[in-house]
Amino acid sequence: MSSRVCKTCGGSDIDVDQARGSAVCTGCGSVLEDNIIVSEVQFVEGSGGVSSAVGQFVSADGPVKAPLLGSGFHTSVGKESRAQTLQSGKRQIQQLGSQLQLNQHCLDTAFNFFKMVVSKHLTRGRKTEHVIAACLYLVCRTEGTPHMLLDLSDLLQVNVYILGKTFLLLARELCINAPAIDPCLYIPRFAHMLEFGAKTHEVSMTALRLVQRMKRDWMHTGRRPSGLCGAALLVAARMHKFRRTVKDVISVVKVCQTTLRKRLTEFEDTPTSQLTIDEFMRVDLEQECDPPSFTASQHKAKMQQLEQELSRKLDDVEGEISCYKDEIESELEKSRPKLRGIYAAYAKELDPEDSEVLSVASEPEDPDVEENELQAAAQHLTQEFLGQVIQEEEGLGSKTDVGKEEEAGAVKEGSVHQRQVASLDIILGKLPTAASLQQTFIESESSDKPDDEQSESGELDLDGIDDQEIEKYILNEREVQVKTDLWMKQNAEYLQEQKEKEERIKKEKEQGTYKEKPKKSKKKKKELVEASSAGEAIERMLEKKKISSKINYDVLRDLNSRGTGSGGGSSPNRPPSAGPPDARKKLNRRRRRKTSDANRDLAANASLMGKRVRLLISSTPKKKKAANQATDQEENLVTMATDTTTETPPEATPDPKPQTGPTPTAPPAAGEEEEEEEEEEGEGEGEEECVSALQLVGDYGCEEEEVF
Amino acid sequence: MDSSNDDALDIIVSNVVATFRTRCHLNLRTIALEGTNVIYKPEVGKVLMKLRKPKITASIWSSGKIICTGATSEDEAKQGARRLARCLQKLGFKVRFSAFKVVNVLAVCSMPFAIHLIDFTKNNRPIASYEPELHPAATYRIKNLKATIQVFSTGSITVTGPNVQNVATAVEQVYPLLFECQKPLCE
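What you see is a predicted model; the values in this text were computed from it and never measured. (Residues numbered from 1 in each chain as written. Chains lettered and ligands numbered in written order. Predicted model: local features only at pLDDT ≥ 70, side-chain atom pairs only at ≥ 80, totals over all residues. Heavy atoms only, no water.)

A few words now on the overall build of chain A. Each helix and strand in chain A was counted, giving 27 helices and 5 strands. Nonlocal contacts in chain A, meaning residues at least 24 apart in sequence, comprise 66% of its contacts between residues at least 6 apart. When the accessible surface of chain A is totalled, it reaches about 41700 Å², and 52% of it is carbon and sulfur. (Helix = DSSP H or I, 4+ residues; strand = E, 2+ residues; numbered from the N terminus. Contact = heavy atoms within 4.5 Å. Areas by Shrake-Rupley, 256 points an atom, 1.4 Å probe, with all protein chains shown as cover.)

Quick look at the overall build of chain B now. From N to C terminus, chain B includes 4 helices and 12 strands. When each of the 187 residues of chain B is scored for burial, the buried share is 49%. Counting contacts in chain B only where the partners sit at least 6 residues apart, residues at least 24 apart contribute 59% of the total. When the accessible surface of chain B is summed, it comes to about 8600 Å², and 50% of that surface belongs to carbon and sulfur atoms. (Buried < 20%, exposed > 50% of the residue type's maximum accessible area, 1.4 Å probe, protein only.)

When the UniProt feature table is mapped to this numbering, "coiled-coil region" (unreviewed entry) covers residues 296–334 of chain A. As annotated, residues 296–334 of chain A comprises 100% helix and 0% strand, and the C-alpha atoms at either end are separated by 49 Å. (UniProt positions renumbered as here; feature names shortened; annotations may be inferred.)

Moving on, we get to the pattern of salt bridges. Side chains carrying opposite charge are able to pair once their charged atoms draw close together. Residues and elements named next belong to chain A. On inspection of all chains with the given rule, the structure shows 8 salt bridges over all chains. A salt bridge links Asp154 to Lys254; the nearest nitrogen and oxygen atoms lie 3.1 Å apart. Of this pair, Asp154 sits in helix α4 (residues 149–156) while Lys254 sits in the loop between α9 (246–253) and α10 (257–269), and the two are 100 residues apart along the sequence. For Lys254, a relative accessible area of 29% gives the class partly exposed. Glu266 is the salt-bridge partner of Arg223, the closest N and O atoms lying 2.9 Å from each other. Separated by 43 residues along the polypeptide, Arg223 in the loop between α7 (200–216) and α8 (225–239) and Glu266 in helix α10 bring together distant segments of the chain. Glu266 matches Arg223 in its accessibility class, with the two residues each being buried. (Salt bridge = Lys/Arg side-chain N within 4 Å of Asp/Glu carboxyl O.)

Residue and element names in this part refer to chain A. Between its first and last C-alpha atoms α7 spans 24 Å; for 17 residues at 1.5 Å apiece the expected length is 24 Å, and the two agree. Among the residues of α7, those classed as buried are Thr200, Val203, Ser204, Thr206, Ala207, Leu208, Leu210, Val211, Arg213 and Met214. Against the buried residues of α7 lie α6 (187–194), α8, α10 and α11 (277–282). Just beyond α7, the residue with positive phi is Trp218, at close to 65°. (Expected span 1.5 Å × (residues − 1).)

Residue and element names in this part refer to chain A. If you walk across this open sheet you meet the 3 strands as β1-β2-β3, and the pairing is antiparallel. The strands lining the two open edges of the sheet, one partner per strand, are β1 (14–17) and β3 (31–33). Direction aside, the axes of adjacent strands within the sheet are offset by 30° on average. Pairing of β1 with strand β2 (residues 22–25), which is carried by 4 bridges, proceeds in the antiparallel orientation. Bridge pairing in β2 links Asp17 to Ser22. (Pairing = 2+ DSSP bridges. Axes fitted to C-alpha atoms, helices over the stretch in contact; angles between N-to-C directions.)

For the rest of this paragraph, the subject is the sheet that holds strand β8 (residues 128–130) of chain B. All names here are of chain B. The antiparallel open sheet is built from 10 strands, whose spatial order is β2-β3-β4-β5-β1-β6-β11-β10-β9-β8. This sheet does not close on itself; its edge strands, each paired only once, are β2 (38–41) and β8. Put simply, the sheet's adjacent strands are angled 15° from each other on average, direction ignored. As judged from the 4 bridges shared by strand β10 (residues 147–151) and strand β11 (residues 156–161), these two strands associate in the antiparallel manner. Bridge pairing links Val151 to Ile157 in β11.

Here chain A averages 67 in pLDDT, and 51% of its residues register 70 or above. When the elements of chain A are averaged for pLDDT, helix α17 (residues 431–451) of chain A gives the smallest value, 41, and helix α2 (residues 104–119) of chain A the largest, 92. (pLDDT = per-residue confidence, 0-100.)

This part covers the side chain of Ser204 of chain A. All names here are of chain A. Positionally, Ser204 belongs in helix α7. Here the side chain of Ser204 touches Thr200 through a polar contact of 2.6 Å, landing on its backbone oxygen. Among residues more than four places away in sequence, those in contact with Ser204 are Ile187 and Ala191. (Polar contact = N/O pair within 3.5 Å; in protein donor to acceptor, adjacent residues only side chain to side chain.)

Further remarks concern the environment of Ile31 of chain B. Residue and element names in this part refer to chain B. Take Ile31: it is sitting in helix α1 (residues 28–34). Residue classification places Ile31 among the buried positions, given a relative accessible area of 0%. Ignoring any residue separated from it by four or fewer positions in sequence, one finds Ile31 in contact with Leu26, Val38, Val47, Ile60, Leu88, Leu91 and Phe93.

Next up on the list: the nonpolar core. Across soluble globular proteins, you tend to see nonpolar side chains buried next to one another. Counting residues in hydrophobic clusters, the biggest one holds 73 residues, and the most contacted among them are Ile93, Phe114, Leu136, Leu152, Phe190, Phe196 and Leu233 of chain A. Here the element with the most residues in this core is helix α3 (residues 128–143) of chain A; it accounts for 10 residues. Beyond its immediate stretch of four places on either side in the chain, Leu233 of chain A contacts Ile187, Phe190, Ala191, Leu194, Phe196, Val203 and Ala207 of chain A. Counting residues in hydrophobic clusters, the runner-up holds 56 residues, among them Leu9, Ala18, Leu145 and Ile157 of chain B. (Core = buried A, V, L, I, M, F, W, Y, C linked by side-chain atoms within 4.5 Å.)

Moving on, we come to the packing of α4 of chain A against helix α5 (residues 160–173) of chain A. All names here are of chain A. Remark: α4 packs on α5, axes separated minimally by 9 Å, with the N-to-C direction vectors making an angle of 115°. Crossing of α4 over α5 shows right-handed handedness. Note on element contacts: α5 touches α4 through Val160, Leu163 and Gly164, opposite Leu149, Leu150, Leu152, Ser153 and Leu156. (Left-handed = near helix turned anticlockwise from the far one by under 90°.)

Moving on, we come to unusual backbone geometry. Non-glycine residue Glu195 of chain A carries a positive phi angle of around 60°. In this structure Glu195 of chain A comes out as exposed when scored by relative accessible area, which is 62%.

Right under this line is the structure:
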């Protein structure tokens, strides 16, 4: 009911009559509107005198909830894609949410998240399932419901980390800061599942206190909250004299036994564990603990320190015993020449490389292995140390053991008593260990040799590369042979597969059924143009292919016309082996096949078109004669009829069509049927022209064959 | 020990990943058969070659693109790459060393204090994210440096970035934030 201006008089005084539904200008009396549509609420009297408003509620999501007249739940085809996405998303959310027992408010929030996600195009490339799960989990987190990501992944049977990835991404994109997970949230849920009966509440309370204590003791950072809950519940249950085994708890909480045990051990290490039950319920210790992994690493650091101290002390002791060692050393060197030979070489090299090895490998490459050995060595040392101090003069016996262990544990590490101990140990020591040492020594020896150049310390010339060393990387001929044999044997299956594949391809090539390439070109063929003449067809095709805007179509057409002149002359010369229309048809059919082949080839090698046109232009007259001969041959072939496969028509079976009634059973190309029809029709109109064009195209065909 | 002096913190670079091209087609079979320390994976289409001296593992594709991992510094990575190219040259390919680029640097660093991850995440809301169900560390991504820092509750952090300089800068940037949320040691 906007006050409009009357068209006739320009007056703005318009009288709108609701009853009649008409708008009239009061100035000039012209009727502006006759059937005004009113948007007012109407009331209807229902049964029992109740008046209700007429109309339906239309939800903002689109016509989802108005399935009138039994159209029911169909997602109608007419809807737009976005509405469909939202609708299906809503449905899935409802489904999944009800399985999780989320209330309607949560589901609506989740749907809102989903709408946001869709509008930001984050659903692209992701499974809707994952996105929906992530939205639901977002809601769970913001509302603080005791649902874990694990639950969702259980329902969907999807890896939890994949869901987590999606969830993190969505949270980041939607700028939703989900509050951190509090293990306290899960306690009531798990307690309920563990079935404590009437005492569930008490047990939950105890477990809650435990979890809070754990939090203060820094056990909860970086850990899954469910693990903590499991441990807390287990202890709480025992405290209230319920017998719940570890297995029960882990089936509810979904962590593994090892995790639970570990949490329990960690809790054991805290001072709170020393309290009695009553004390625990009443008292809260103020002292806080360090996180368990922190204490573990500190423990390691302490062990290392201890080891260093001990080694230093050993050095002191060694100074006192060295004289005895020298004597024994000389004695035993005489008795074991073999070993010495190898170790002499090493021992000699060891001197200049002592410092290198020390500096280069201060941190051993396998810290874990070495640390364990160091620990063992340290333990051994502490035991032996006392004995050593007491038995200085006999210290050699224990010393060598200790020294050997150290040596075994730290081949590359620099300790001061290296060389002497090395030779002493090996000579004195037990053979098995010496043998193992041997191997390690040989390795280090061979790698030490190229070390001579010391390129690791930063030789960065252009050719700062040791060729000798590089040569080591290349096997000599015999080695290559051996390796080849090995590799062939190993990968025999794979090679076999490759061979078969190649053979298959070869066969297909010979048979002409090499399918790989034609697959693509087949599709292209179907796009071929419908045109009334071959020349037009070529033109259109060129345009379509957008080969070149530089092709002069006029020249093409001229070719046509020129061809007409010469072709028209030659056509009556042709032997009338076939009756005019039928024979022509057959002829043209054959030619058309050639045309189609030619066109096919053209389509396949569109870029060469320009070249060919030029070539044709230059050599058309010669080709015409050749074409004539070719066409003569064709005619003969036609008369012989039936399925001679001149070229390679791998095409589909022929569709008998009324126009092609008298034709032989030569299978026309499936894609070219239309073209053939068209050309036949065109043929009726201007035979001469068509013939010449065909000749032209026949030229193309010949050209094709020559080129190929 | 260390107050807020970053230089005193040891940033240990544990891995440097670099790529380069040889600008020529490589026959993987030849390399596989004539080289020591090579693993040929025909299904994937690459050869793994391990060098001993700068301890480097290189993935070599037949197109001539090579990825080197395992070096402990950028220089080492370059040296290793050159060594590898020389090795391929000796095998008979016309190798040219081009387009060398360090793609990723991984470093670890240890703070002398433990860190309260939940506080840290709360303070740095959108940039940091912590999901204990998925990973025990909080992830802090610095966009302009393109560096990602993973913070563990024990105080150790791992930093990944496109080059060593960025990594150092990232550590410097994040140090004060971590210092705020530290957990005082009691033992």
